[in-house]
Amino acid sequence: MQRKRYTPGRTGSTARTAVVLTLGLGLGIGLTGCSSGTPADDIAVDAKAGPAAAVAPPGRYRTLFEPCGAVPQATLKDLLPGAAALADAERDKAYRGVASVTYDTDRRVGCTWKADTPDISHRLALDIERVVSYDTAVSDDDRAQEVYVRKQLAAGIPLPPTAPPTTAPPATTPPTTTPSAPASPGSPTASGATQGATRAAAGTAGAATKPGDAAGAPSGKPPAGATAPSSGATPSGPSPTGLEPRVLQGLGNVAYLDDTLSTVGANGHQRAVSVVFRTSNVIVTVSYREQTTGSAEAPDSTELQEKARNLARLLAERLEE
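Residues numbered from 1 in each chain as written. Predicted model: local features only at pLDDT ≥ 70, side-chain atom pairs only at ≥ 80, totals over all residues. Heavy atoms only, no water.

Caption draft 1: Main features of the side chain of Gln305. For Gln305, the position within the fold is in helix α6 (residues 301–320). Look at Gln305 and you get buried, because its relative accessible area is 2%. (Helix = DSSP H or I, 4+ residues; strand = E, 2+ residues; numbered from the N terminus. Buried < 20%, exposed > 50% of the residue type's maximum accessible area, 1.4 Å probe, protein only.)

Caption draft 2: How the structure looks around the packing of aromatic side chains. The tally for this structure, following the rule as stated, stands at one aromatic pair. Note on Tyr148 and Tyr256: the rings are 5.6 Å apart at their centroids and 55 degrees apart in plane angle, and the pair reads as tilted. Of this pair, Tyr148 sits in helix α4 (residues 140–154) while Tyr256 sits in strand β5 (residues 254–264), and the two are 108 residues apart along the sequence. Summarising the burial analysis for this pair, Tyr148 and Tyr256 share the class buried. In this structure, Arg318 is placed above the aromatic ring of Phe65, and the distance from its NZ or CZ to the ring centre is 4.8 Å. (Phe/Tyr/Trp six-rings, centres within 6.5 Å; stacked < 30°, edge-to-face > 60°. Lys NZ or Arg CZ within 6 Å of the ring centre and 35° of its normal.)

Caption draft 3: Representation of the environment of Lys307 in the model. Assignment of secondary structure puts Lys307 in helix α6. For Lys307, a relative accessible area of 13% puts it in the buried group. Sequence-wise, Lys307 and Val273 are 34 residues apart; in three dimensions their C-alpha atoms are separated by 9.6 Å. Look past the residues within four positions of Lys307 in its chain and what remains in contact with it is Asp78, Leu79 and Tyr288. Of the polar contacts made by the side chain of Lys307, one reaches the backbone oxygen of Asp78; its length is 3.1 Å. (Contact = heavy atoms within 4.5 Å. Polar contact = N/O pair within 3.5 Å; in protein donor to acceptor, adjacent residues only side chain to side chain.)

Caption draft 4: Examining the state of the cysteines more closely. As enumerated under the stated definition, the model contains one disulfide in all. The disulfide partner of Cys68 is Cys111, and the gap between their sulfur atoms is 2.0 Å. Every disulfide takes its handedness from the sign of the S-S torsion; for Cys68 and Cys111 that torsion is 105 degrees, giving right-handed. Taken as a pair, Cys68 in the loop between α1 (12–36) and α2 (73–79) and Cys111 in strand β2 (residues 108–116) lie far apart in primary sequence, 43 residues in all. A residue is classified by how much of its surface remains accessible, and Cys68, at 12% relative accessible area, is buried. (Disulfide = S-S within 2.5 Å.)

Caption draft 5: Examining the pattern of salt bridges more closely. Under the defined criterion, the tally for this structure stands at nine salt bridges. Salt-bridge contacts for Arg91 lead to Asp88; the nearest nitrogen and oxygen are separated by 2.5 Å. You can see Arg91 and its partner Asp88 sitting in helix α3 (residues 88–96), three residues apart, about one turn around the helix. Looking at Asp88, the relative accessible area reads 51%, which means it is exposed. Measuring nitrogen to oxygen at the nearest pair gives 2.9 Å for the salt bridge that ties Arg143 to Glu146. Within this pair, Arg143 and its partner Glu146 are both found in helix α4, separated by three residues, close to a single helical turn. (Salt bridge = Lys/Arg side-chain N within 4 Å of Asp/Glu carboxyl O.)

Caption draft 6: A look at the environment of Tyr288. Position of Tyr288 among the secondary structure elements: in strand β7 (residues 282–292). By relative accessible area, Tyr288 is classed as buried at 1%. Setting aside anything within four residues of it in sequence, one finds Tyr288 in contact with Asp78, Leu79, His122, Arg123, Leu124, Arg271, Ala272, Val273, Leu304, Lys307 and Ala308. Separated by 2.6 Å, the side chain of Tyr288 and the backbone oxygen of Leu79 make a polar contact.

See the structure below:
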């Protein structure tokens with residue numbers, strides 16, 4: 001019986017194990033090679049989709065501050081002078097204010113203060129709104145500007161004029177004409193033209209030196225049928241005082257002030273001053289009202305406007321913190 005040649009390390013079970021490992025390793029390498037890279041032809045590209053549309057940026061503000069605590073007590077004492085005469089409990093209540101009822105304090109908040117005396121009453125109100133645009137093509141700031149413009153137009157304050165675009169006039173080419181030969185001095189055309197020019201010049205000179213005309217010696221009387229001008233020009237309307245409803249500068253991005261005076265009862269007067277300004281996507285409205293009764297004089301516009309504007313500047317600084 002012929003014996004098989006012995007080869008070290010190649011027993012039956014060992015050889016079979018080596019074959020299995022070799023086949024498994026080869027299969028793993030093959031699978032890795034197939035899944036490691038994706039051909040460029042297999043990537044689906046939608047050529048009709050085009051570039052992605054740009055999304056408008058969000059507004060600067062995501063929350064709002066608490067309004068009743070935003071006004072210092074020293075400011076409230078100045079705006080509500082009648083509160084000093086109240087009892088301690090009533091005075092503290094007047095300075096705390098009453099918060100407005102809103103469904104989302106991150107979108108809109110407000111607060112109201114008031115103090116009454118027998119002859120005069122004051123009322124202060126804040127309304128703070130954060131505008132959010134749900135259109136990805138319109139930013140929060142642009143949507144807030146639309147809301148602000150509607151408020152200003154509703155108050156009867158016109159928008160500031162915008163300068164029209166300056167465009168250069170189109171260049172024009174002068175027409176070209178072919179010069180004709182000059183007529184001889186003895187020709188009928190030349191002599192007729194000379195005589196016509198002489199008569200026209202004489203007529204113009206005579207018209208310019210007529211007695212009583214503007215170019216001649218003054219006659220000292222107005223022409224017949226004319227009305228002598230008055231010594232002073234008649235004004236077309238009341239002269240501006242600087243206190244009328246107007247656009248304000250240096251307050252937020254845009255701002256305006258409204259001032260109205262009305263009659264209450266038989267002898268009462270009420271003046272309401274509103275300052276509205278926008279900072280980014282937040283619109284703030286400060287409403288300050290004073291009402292007098294009996295023989296008290298009408299509220300002073302200068303004082304109320306100054307107090308309302310000072311509070312509006314204070315709130316604008318609070319938004320910048």
